[in-house]
Amino acid sequence: MTEFEAAVAKVLAGLGEGDVVTYGEVAAEAGYPGAARAVGRFLATHEGQPWWRVVTGTGRLVPQHTEEHARRLRAEGVTVVDGRVRLG
DNA sequence: TATCTGACGATAG
DNA sequence: CCTATCGCCAGAT
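For every chain, the first residue of its written sequence is number 1, and the numbers climb from 1 along that sequence. Whichever chain is written first is A, and whichever ligand is written first is 1; the rest continue in order. For a predicted model such as this one, the threshold for reporting local features is a pLDDT of at least 70, and the threshold for listing and counting side-chain atom pairs is 80 or more; totals across whole chains, interfaces and linings nevertheless cover every residue. Hydrogens and waters are ignored; side-chain quantities use all the structure's heavy atoms.

Novice: Could you give an account of the overall build of chain A, naming the residues involved and the relevant values?
Specialist: If you tally the helices and strands in chain A, you get four helices and four strands. Secondary structure elements in chain A, listed N-terminal to C-terminal, are α-β-α-α-β-α-β-β. Radius of gyration here uses only the C-alpha atoms, and the compact-globule reference equals 2.2 Å multiplied by the residue count raised to the power 0.38. Taken over the C-alpha trace, chain A has a radius of gyration of 12 Å; the compact-globule value for 88 residues is 12 Å, and the two agree within 12%. The principal-axis extents of the C-alpha atoms in chain A amount to approximately 35 × 25 × 25 Å. For helices the rule is a DSSP run of H or I covering at least 4 residues; for strands it is a run of E covering at least 2, with both sets numbered from the N terminus onward.

Novice: Outline the environment of Gly57, listing residues and values.
Specialist: Here Gly57 is to be found in the loop between strand 2 (54-55) and helix 4 (66-75). Separated by 42 residues in sequence, Gly57 and Leu15 have C-alpha atoms that sit 17 Å apart.

Novice: I'd like a rundown of the side chain of Gln49, residues and numbers included.
Specialist: With respect to the secondary-structure elements, Gln49 resides in the loop between helix 3 (36-45) and strand 2. In this analysis, two residues are considered to be in contact whenever any of their non-hydrogen atoms come within 4.5 Å of each other. When near neighbours in sequence (up to four residues on either side) are disregarded, Gln49 contacts Ala9, Leu12, Phe42 and Leu43.

Novice: Break down the protein's contact with DNA strand C for me, citing the residues and quoting the values.
Specialist: Any residue with a non-hydrogen atom lying within 4 Å of a molecule or strand is treated as near it. Around DNA strand C, a shell composed of Thr2, Phe4, Tyr32, Gly34, Ala35, Arg37, Ala38, Arg41 and Arg84 is seen. Arg37 is positioned such that a nitrogen or oxygen atom in its side chain is 3.1 Å from a base oxygen of DNA strand C. The contact in question runs from a sugar or linking oxygen of DNA strand C to an N or O atom on the side chain of Arg41, over 3.1 Å. Looking at the surface near DNA strand C element by element, the count peaks at three residues for helix 3. Residue polarity is assigned by list, with Asp, Glu, Lys and Arg as charged and Ala, Val, Leu, Ile, Met, Phe, Trp, Tyr, Cys and Pro as nonpolar; anything else, Gly included, falls into the polar class. Across the surface near DNA strand C, the residue classes break down as four nonpolar, two polar and three charged. Think of a polar contact as two N or O atoms within 3.5 Å of one another; within protein, one of them needs to be a possible hydrogen donor and the other a possible acceptor, and neighboring residues in sequence only count if both atoms come from side chains.

So, in structure tokens, the structure goes:
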């Protein structure tokens, strides 16, 4: 577990049910602004993380995982339309 | 150390 | 709204 991973995991742990953030937000909160891709890699390689509460900067769900992603978000009360989270 | 890859992001067309 | 391209960072080989 690297410092970067620990920081990201900590930010994710702070999320609650129905809460959604972007990769950029997570990276910035973790102290690594601009490392959005690294966040995605972390979620993709590490299990046990609330990855479904993380979406792209435009509200798009995780590519190639939109089905499972949308399903999990809906389960937490998040409105998903056409593979995207309703921005409000 | 060099090179490639990916669940990203912003900009241009 | 879409796709295409470049820039970004951290990890793996």
